Amino acid sequence: MKPTKKRNNRKPEKAQVCLRVNGEPVEVAFAPHKTLLEVLREDLALTGTKHGCELGECGCCAVLVDGRPVLSCLVLAVTLEGHEVVTVEGMAEGAKLHPLQEAFAELGAAQCGYCTPGFLLTAKVLLEETPQPSRERIKKALAGNICRCTGYIKIFQAVELAAARMAGKPAEPSKESIYGWR
Amino acid sequence: MGGANGAEQKDLRVIGKPHRKVDAASKVTGQTKYADDLVFPRMLYTKILRSTVPHGRILKLDASKAESYPGVKLVLLGKDLPIPYGALPVSEDEHPLAIGKVRMMGDPVAAVAAVDEDVATEALDLIDVEYELLPAISSIQAALDTPEPRIHEYGEFGNIHRRQVYEFGDVEAGFAEADFIREDITFYEGSTHLALEQHASVAQFGHDGKLTLWTCTQDPHYLHRSLAKVLGLPQNRVRVIATTNGGGFGGKCDPFAHEIIVSKLAMMTGRPVKICLTREEIFYCHRGRHPVLMSTKTGFKKDGAITAMHHRTILDGGAYGGHGVASTFYTGVLQPTTYQIKRYKFEAVRVFTNKAPCGPKRGHGTPQPRFAQEIQMDKIAEQLGLDPAEMRRKHLVPPNSLTVNWLRIGTMGLGKCIDKVVEGSNWRERFRKLPYGKGIGLACSGYMTGAGTPIYWNGMPHSGVQLKLDRSGGVTVFCGSTDIGQGSDSILAYIVAEVLGIDPFDIRVVTADTDLTPVDLGSYSSRVTLMTGNAAIQAAERAKQMLIQAVSAKLGVPADRLLFADRRVSDRENPEKGMTFVEAVWLAETQFGTLGTVGSYKPAAAPGKFKGAGVGPSPAYSYSAAVAEVEVNPETGIVVVPRVWIAHDIGQCINPVLAIGQIEGSVYMGLGEALMEEMTYRGNRKMVHKFPSFLEYKSPTTMEMCDVISYLIEDRDSNGPFGAKEAGQGPQLPVPPAIANAIYDAVGVRIDEVPITPDKVLKAIRAKAKGQEGRYGPTVFPHCDMPASIFVPTPEEGGDGKAVERQPVLA
């Protein structure tokens with residue numbers, strides 16, 4: 001088990017980057033080898049973004065860069081000068097939760113909650129691009145996010161519920177999703 | 001204690017209704033703090049140097065270069081922590097850092113604390129280690145064949161960690177009564193928890209001599225004990241705070257080396273110390289599903305009644321004991337909870353190998369034997385020409401009975417579960433009637449709702465709750481239980497809210513902090529809802545009594561007429577007459593002083609009195625039945641599972657949406673184990689894990705997950721809070737055998753081991769096409785010398801649950 005990360009040059013050089021995070025301008029200085037994941041969590045204290053592998057395999061660390069979902073563990077933060085980043089902390093509008101957040105809370109789609117930020121942000125983009133996605137479309141959009149608790153079903157149902165509400169329908173969860181079949 | 005289980009079902013206001021979890025808002029907004037989210041001023045970071053050989057003596061270990069590397073504060077070695085530990089008192093065979101010898105690839109050898117993770121990682125390269133390689137043991141067979149060198153100096157002999165032999169009634173006499181006997185050999189591969197959160201811990205040692213450890217553990221109380229022991233601190237100087245677990249599934253039950261290491265480093269450096277393991281390291285920490293080889297010999301009558309079962313298991317334990325002795329029991333003790341077995345013999349062996357140690361994963365030791373038993377039931381039904389659903393239905397363990405091995409069964413809803421999935425899946429119209437390539441299969445299971453005995457022997461409660469009522473009308477619940485995502489914090493709020501007639505969100509929940517909360521043994525064995533729930537009911541009922549006394553005197557309403565509902569305490573017969581809950585709290589505080597109550601729960605004593613009878617008893621058993629539908633491509637061997645119907649006997653659901661979530665998650669994990677998940681090692685390459693990563697360790701994604709049709713069967717159990725039984729583990733158990741049975745229905749081949757990968761299916765299909773047996777699976781069960789049975793007469797035969805000298809078998 002060899003250490004994978006090496007940094008030979010240890011001069012105290014920091015990169016300085018200006019970007020927008022959750023709608024606000026941010027100026028941040030950090031060691032230039034740092035990933036967006038590390039800068040968000042360690043330099044901006046936005047620990048809502050999680051990590052499950054730091055290798056781009058689990059989807060936990062997904063955030064939005066210029067409105068697209070990216071795996072923040074694979075993005076070097078120095079490349080983000082002038083870009084727009086949205087994390088889970090930026091999903092709610094003030095005190096009002098995003099409809100996806102409401103639906104996830106309502107259906108217990110966040111069990112341990114660790115994969116939840118990645119799912120929420122990926123689903124947010126899905127619904128922006130495909131306001132009424134089919135179950136198949138939802139599965140494909142979320143295929144890069146792993147969840148070990150839910151079996152994904154409550155997540156699918158929550159995305160469908162949020163989609164219906166965002167289309168202005170007064171949707172409620174199906175009886176089966178809450179009580180099971182009778 | 002126990003038995004206190006609340007109101008009539010029709011009067012329930014909170015229980016049985018869907019509510020958000022108390023932590024839902026913080027989890028969907030990224031506010032929940034997991035261990036790696038914690039940061040303290042002057043915090044140091046730790047990296048661990050791990051063994052690069054599977055088995056070896058440490059000839060040289062020189063950390064001097066690392067110690068003088070800029071930014072390194074301390075290098076910790078095995079000699080700094082000489083006291084051994086382990087999850088169970090009977091197998092304390094681990095050291096936080098290797099002393100003299102390594103037993104597996106990834107064994108911790110040295111730890112560096114440095115100013116940042118990069119410096120710590122670089123310093124690991126400067127530590128000079130030399131090993132003398134020892135022969136490494138890679139499999140069950142190799143462990144049986146290779147007594148020397150021993151991986152551990154304790155255990156039975158050679159590399160055999162543990163042997164257990166129990167016989168309940170004379171099993172040979174049982175076989176003599178049978179019309180038919182069959183023996184099936186099956187194998188269940190190991191798999192890992194793969195919780196999304198990477199294990200992380202932060203320790204802080206104060207100048208007051210007190211240690212605090214924040215860590216993602218499922219069992220803070222047991223960790224508390226281990227930490228104090230290994231660090232040589234009095235327990236009252238150690239505080240463990242279990243941070244919200246980013247998934248557990250049993251993988252965070254053991255005390256871990258890294259938790260002890262950061263604690264020691266914090267003590268030695270006087271600074272906060274953090275560690276976060278890489279995903280690769282977590283694969284080597286493991287403690288997941290044991291690979292188990294099984295032989296199940298069953299004698300049965302023409303109608304499928306089981307006259308005798310002789311069930312043998314061999315577990316590949318990996319490099320350490322961990323919970324392994326308990327896991328070994330669990331590969332046999334719960335077999336008799338579903339169908340009546342007249343006489344039962346159970347033999348189990350656990351061996352050491354030079355691989356990541358195994359332990360508890362969802363279902364702890366029972367998915368393997370359930371797989372063996374349930375695919376055999378399918379074969380028995382086939383042999384007898386009976387419908388496998390009806391045959392099972394006919395021989396169920398009756399409610400309120402003792403099993404052959406002295407387990408006390410209370411409510412037993414398996415019959416209703418079978419009926420539901422048979423009806424829902426249209427079983428009768430489809431079983432053995434679908435076109436080639438499509439199939440349907442059924443399997444059942446039973447599981448416990450909490451282990452009846454704690455890990456270390458004591459007579460104290462298994463769960464404690466303290467309640468504080470304050471003048472705001474708020475109530476705070478303190479409990480040592482640990483939320484691993486299943487919703488245990490929320491369960492406390494729902495239960496207290498139900499008893500006191502307030503809203504769950506009026507309640508604050510403080511949990512999993514050994515300084516602040518009374519002991520709860522932890523999130524394992526599906527015990528939390530039942531045990532904390534009963535303790536919470538007792539505490540809340542005691543608080544309610546104080547309010548009743550005060551309100552009854554004030555209003556002149558008899559105590560038994562007071563109703564607690566909608567944040568009011570009022571006269572049931574004249575609802576206008578009453579007061580708000582806050583006013584009631586003020587009245588009571590005026591009368592009694594500061595308001596606080598406690599509640600405790602301890603399971604009743606087990607009926608079995610023989611040595612080893614402590615594993616298996618539970619206050620209540622849950623039951624599940626599943627029907628899986630499969631599509632098998634006979635050209636590629638690829639198995640797709642479009643749908644699973646599953647019915648779960650939950651007693652009473654506390655919150656249906658969470659219960660359904662547990663069932664769906666269980667089906668998911670069962671699907672993964674059935675079709676793809678496996679811990680495999682490159683035997684010829686020093687037992688390196690074949691794929692210690694999320695990408696290559698295959699687990700179901702959204703694309704593989706099946707539809708799940710869940711049914712909740714409610715039949716309130718008198719031992720459960722409001723009648724509740726577990727839902728977190730049991731529903732996983734029937735899924736792998738249901739899938740295996742469905743594959744037989746689809747293509748006529750038996751795959752007697754998991755994971756059922758396409759190559760195995762193809763091999764069996766091709767063998768069948770050549771006129772050979774259409775089967776893939778183990779054919780030989782290896783020999784191991786076993787001690788004489790602990791012989792216990794069955795309850796039917798009389799006796800008092802004690803072991804006896806064996807009577808000679810009558811000719």
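Residues numbered from 1 in each chain as written. Chains lettered and ligands numbered in written order. Predicted model: local features only at pLDDT ≥ 70, side-chain atom pairs only at ≥ 80, totals over all residues. Heavy atoms only, no water.

(A) Region of interest: the overall build of chain B. Secondary structure assignment for chain B yields 19 helices and 34 strands. Projecting the C-alpha coordinates of chain B onto the three principal axes gives extents of approximately 85 × 75 × 55 Å. When burial is assessed residue by residue, chain B has 67% of its 811 residues classed as buried. The long-range share in chain B, meaning contacts at least 24 apart out of those at least 6 apart in sequence, stands at 80%. With 89 positive and 92 negative side-chain charges, chain B shows a spacing of 1 Å between the two charge centroids. (Helix = DSSP H or I, 4+ residues; strand = E, 2+ residues; numbered from the N terminus. Buried < 20%, exposed > 50% of the residue type's maximum accessible area, 1.4 Å probe, protein only. Contact = heavy atoms within 4.5 Å. Lys, Arg positive; Asp, Glu negative; His and termini not counted. Charge placed at Lys NZ, Arg CZ, Asp CG, Glu CD.)

(B) Structural context of the domain arrangement of chain B. All names here are of chain B. Taken domain by domain, chain B consists of domain 1 (9-32 + 460-601), domain 2 (35-134 + 193-285) and domain 3 (292-453 + 608-776). One C-alpha centre belongs to domain 1, the other to domain 3; they are set 37 Å apart. With 28 residues of domain 1 at the contact, the number on the domain 3 side is 27 residues. In this assembly, domain 1 packs against domain 3 so that about 2000 Å² is buried in total across both faces, 64% of it on carbon and sulfur atoms. Taken together, domain 1 and domain 3 are joined by zero salt bridges. (Domains from an automatic or database assignment. Buried area = accessible area lost by both parts, 1.4 Å probe. Salt bridge = Lys/Arg side-chain N within 4 Å of Asp/Glu carboxyl O.)

(C) Broad picture of the packing of helix α6 (residues 220-231) of chain B against helix α7 (residues 257-269) of chain B. Residue and element names in this part refer to chain B. Where α6 meets α7, the closest approach of the two axes is 10 Å, and the angle between their N-to-C directions is 50°. Here α7 runs oblique to α6, going by the angle between their axes. Here α6 runs over α7; the crossing is right-handed. Residue-level contacts link L223, L227, V230 and L231 of α6 to E259, I260, S263, K264 and M267 of α7. Taken together, the residues that form the contact of α6 with α7 break down as six nonpolar, one polar and two charged. (Axes fitted to C-alpha atoms, helices over the stretch in contact; angles between N-to-C directions. Parallel < 35°, antiparallel > 145°, perpendicular 65-115°, else oblique. Left-handed = near helix turned anticlockwise from the far one by under 90°. Nonpolar A, V, L, I, M, F, W, Y, C, P; charged D, E, K, R; others polar.)

(D) Examining unusual backbone geometry more closely. All names here are of chain B. With omega at -5°, the peptide bond leading from E148 into P149 counts as cis. In this structure, P149 sits in the loop between α4 (140-145) and β7 (160-168). Along the chain, V754 connects to P755 via a cis peptide bond; the corresponding omega equals -5°. As for its position among the elements, P755 is in the loop between β32 (753-754) and α19 (758-769). Its identity as a non-glycine residue notwithstanding, F722 has a phi of 55°, on the positive side. Positionally, F722 belongs in the loop between β30 (707-713) and α18 (735-747). For F722, a relative accessible area of 1% puts it in the buried group.

(E) Structural detail: the domain arrangement of chain A. All names here are of chain A. Domain parsing of chain A yields domain 1 (15-90) and domain 2 (99-169). Taking the mean C-alpha position of each, domain 1 and domain 2 sit 22 Å from one another. Summing both sides of the interface, domain 1 and domain 2 together bury roughly 1200 Å²; the carbon and sulfur share of this comes to 62%. Summed over the three residues of domain 1 that lose the most area to domain 2, namely C60, L64 and V88, the buried surface amounts to 35% of that side. Viewed at the interface, domain 2 and domain 1 are joined by one salt bridge. R68 is paired through a salt bridge with E129; the nearest N and O atoms lie 2.2 Å apart.

(F) Examining the sheet that holds strand β2 (residues 56-62) of chain B more closely. Residue and element names in this part refer to chain B. As summarised here, the arrangement of the three strands in space is β4-β2-β6, forming an open sheet in which the pairing is antiparallel. Here the strands that pair on one side only, and so sit at the sheet edges, are β4 (101-102) and β6 (128-133). Note that β2 and β4 share two bridges and pair antiparallel. Counted as the bridge partner of R57 is K101 from β4. (Pairing = 2+ DSSP bridges.)

(G) How the structure looks around the nonpolar core. Ranked by size, the top nonpolar core spans 160 residues in total, and within it F104(A), V159(A), L467(B), I739(B) and I743(B) carry the most contacts. The dominant element in this core, judged by the number of residues it contributes, is helix α15 (residues 528-555) of chain B, at 13 residues. What I739(B) contacts, discounting residues up to four positions off in sequence, is A628(B), V630(B), V641(B), L671(B), A674(B) and L675(B). (Core = buried A, V, L, I, M, F, W, Y, C linked by side-chain atoms within 4.5 Å.)

(H) Broad picture of helix α1 (residues 36-43) of chain A. Residue and element names in this part refer to chain A. Most of α1 sits out of view: six of its eight residues are buried. Among the residues of α1, L36, L37, E38, V39, L40 and R41 are the ones counted as buried. Where α1 is buried, its residues contact β1 (15-21), β2 (24-30), β3 (62-65) and β5 (84-86). Immediately beyond the C-terminal end of α1, within one or two residues, lies A45, with a positive phi of roughly 55°.

(I) A look at the interface of chain B and chain A. Contacts between chain B and chain A engage 71 residues on the former and 56 residues on the latter. Overall, the association of chain B and chain A removes approximately 5400 Å² of surface from exposure, summing both partners, and the carbon and sulfur fraction of that is 56%. Summed over the three residues of chain B that lose the most area to chain A, namely V28(B), L196(B) and T702(B), the buried surface amounts to 14% of that side. Inspection of the region where chain B meets chain A yields seven salt bridges.

(J) Representation of the packing of aromatic side chains within the structure. Residues and elements named next belong to chain B. Counting across every chain of the model gives 17 aromatic pairs over all chains. Relative to F610, the ring of Y166 has its centre 5.7 Å away and its plane inclined at 55°; by these criteria the two rings are tilted. Of the two residues, Y166 sits in strand β7 while F610 sits in the loop between β25 (596-601) and β26 (621-632), which places them 444 residues apart along the sequence. On the basis of relative accessibility, which here comes to 9%, the residue F610 falls in the buried class. Residues Y222 and Y456 carry aromatic rings whose centres are separated by 6.2 Å and whose planes lie at 85° to one another, so their mutual orientation is edge-to-face. Pair noted here: Y222 is in helix α6 and Y456 is in the loop between β18 (438-448) and β19 (463-469), with a separation of 234 residues, a long-range link. Residue class for Y222 comes out buried when judged on its relative accessible area of 7%. (Phe/Tyr/Trp six-rings, centres within 6.5 Å; stacked < 30°, edge-to-face > 60°.)

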